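Fold and geometry: a report
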Amino acid sequence: MNSLGGYISSAFKIAMAIRKSFTDITVFVPHIAASGGTMLALTGDRIRMGMMSQLSPVDVQVMYKGQRVSVNSFLAAETIIHKRIVMRSDNELSYLEKQLAESFDPVIQVEAGKTIEMGKVYLKRILTMVGYDKKQLDSMMLYLISGLPTHGFVIQSDLAKQIGIKVESSEENPNEWDMMRNWFLKYMDKAKVRHFVRYVVPKKK
């Protein structure tokens, strides 16, 4: 798995298709599986990671003023506005604070909250299918969806294990790891816009 991510709904559908097609899955992350790529990696019964491997948070991204931002930022902004403005009277507000209050759109905030809930539902379904302990799920989702500073935060193997992700060293499968690293070096930087997912559905016995 080497991907910078993409739409969470697409990642979820691909993850479910893979999970329903195989009973034992090993995911190799030679370099980076970020965002939707992390969601796909989490379909594995184990994830092989090396020194330069990384996952990332799976907080949902939305378009805002021409760029993609984390939905968590909208909810954080709501908290800031509430503390600075909502609890004060009009006479106590500065001109800039009044302008900020008028620009606040509660519909966007409600939609942001629902979008985060969508991510939680998707992630919980995947983790449940993989067989993660139910007691771990809430803690793992907190970390992966809203508990880390930014969408681009680097999750290396040590932190992944601390979160509860089933990470194992690349040394467990040295031959396969070498093959994956060679594959990565061969195809790195060649895919620009489109991503292709290739896997074989095993024949039913």
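Please refer to the structure placed before this passage.
Residues numbered from 1 in each chain as written. Predicted model: local features only at pLDDT ≥ 70, side-chain atom pairs only at ≥ 80, totals over all residues. Heavy atoms only, no water.

Observations concerning the sheet that holds strand E1 (residues 26–29)
Whether parallel or antiparallel, the strands of a sheet pair through hydrogen bonds between backbone atoms. If you walk across this open sheet you meet the three strands as E1-E3-E7, and the pairing is parallel. In this open sheet, the two edge strands, each paired with only one partner strand, are E1 and strand E7 (167–169). Sheet twist, expressed as the average angle between the axes of neighbouring strands with direction ignored, equals 35 degrees. In terms of strand pairing, strand E3 (residues 46–49) meets E7 through three bridges, oriented parallel. Counted as the bridge partner of Met49 is Ser169 from E7. (Pairing = 2+ DSSP bridges. Helix = DSSP H or I, 4+ residues; strand = E, 2+ residues; numbered from the N terminus. Axes fitted to C-alpha atoms, helices over the stretch in contact; angles between N-to-C directions.)

Structural notes on the pairing of E3
Here E3 shows a buried face lined by Arg46 and Arg48 and a second buried face lined by Ile47 and Met49. By the bridge criterion, four bridges tie E1 to E3 in an arrangement that is parallel. Within E3, the position partnered with Phe28 by the bridge is Arg48. (Buried < 20%, exposed > 50% of the residue type's maximum accessible area, 1.4 Å probe, protein only.)

Observations regarding the packing of aromatic side chains
Each aromatic ring pair is characterised by the separation of its centres together with the angle its planes make. Taken as a whole and assessed by the stated rule, the structure comprises two aromatic pairs. Aromatic pair Phe12 and Tyr122: ring centres 4.2 Å apart, planes at 15 degrees, arrangement stacked. Placement of the pair is Phe12 in helix H1 (residues 8–21) and Tyr122 in helix H5 (residues 106–130), with a sequence separation of 110 residues. Centroid distance Phe28 to Trp177: 6.5 Å. Interplanar angle 40 degrees. Geometry classified as tilted. Taken as a pair, Phe28 in strand E1 and Trp177 in helix H8 (residues 174–187) lie far apart in primary sequence, 149 residues in all. For Phe28, a relative accessible area of 10% corresponds to the buried category. For Trp177, a relative accessible area of 11% translates into the label buried. (Phe/Tyr/Trp six-rings, centres within 6.5 Å; stacked < 30°, edge-to-face > 60°.)

Looking at empty space enclosed by the protein
Per the stated rule, a full pass over the model turns up one cavity of 30 Å³ or more. Each pocket or cavity is described by its volume, and for the largest cavity that value is around 30 Å³. Lining the largest cavity, in full, are Pro57, Asp59, Asn72, Tyr143, Leu144, Ile145, Ser146, Gly147, Leu148 and Thr150. Ranked by the residues each element gives to the lining of the largest cavity, the list is headed by helix H6 (residues 134–146), at four residues. For the lining of the largest cavity, the residue count by class is five nonpolar, four polar and one charged. (1 Å grid on protein atoms, 1.4 Å probe; cavity = no way out; pocket = protein on both sides within 12 Å on 5 of 7 lines; lining within 4 Å. Points joined across faces, edges and corners; volume = space filled by probe spheres on them. Nonpolar A, V, L, I, M, F, W, Y, C, P; charged D, E, K, R; others polar.)

Observations concerning the nonpolar core
Ranked by internal contacts, the top residues of the largest apolar core, which has 40 residues, are Met39, Ile47, Leu55, Leu123 and Ile165. Secondary structure elements with two or more residues in this core: H1, E1, helix H2 (36–41), E3, H5, H6 and helix H7 (157–163). The element contributing the most residues to this core is H5, with seven residues. (Core = buried A, V, L, I, M, F, W, Y, C linked by side-chain atoms within 4.5 Å.)

Brief notes about the side chain of Ser53
Tracing the backbone through its elements, the reader meets Ser53 in the loop between E3 and strand E4 (54–55). Separated by 2.5 Å, the side chain of Ser53 and the backbone oxygen of Val29 make a polar contact. Once residues within four sequence positions are removed from consideration, Ser53 is found in contact with Val29, Pro30, His31, Ile155, Gln156 and Trp177. (Polar contact = N/O pair within 3.5 Å; in protein donor to acceptor, adjacent residues only side chain to side chain. Contact = heavy atoms within 4.5 Å.)

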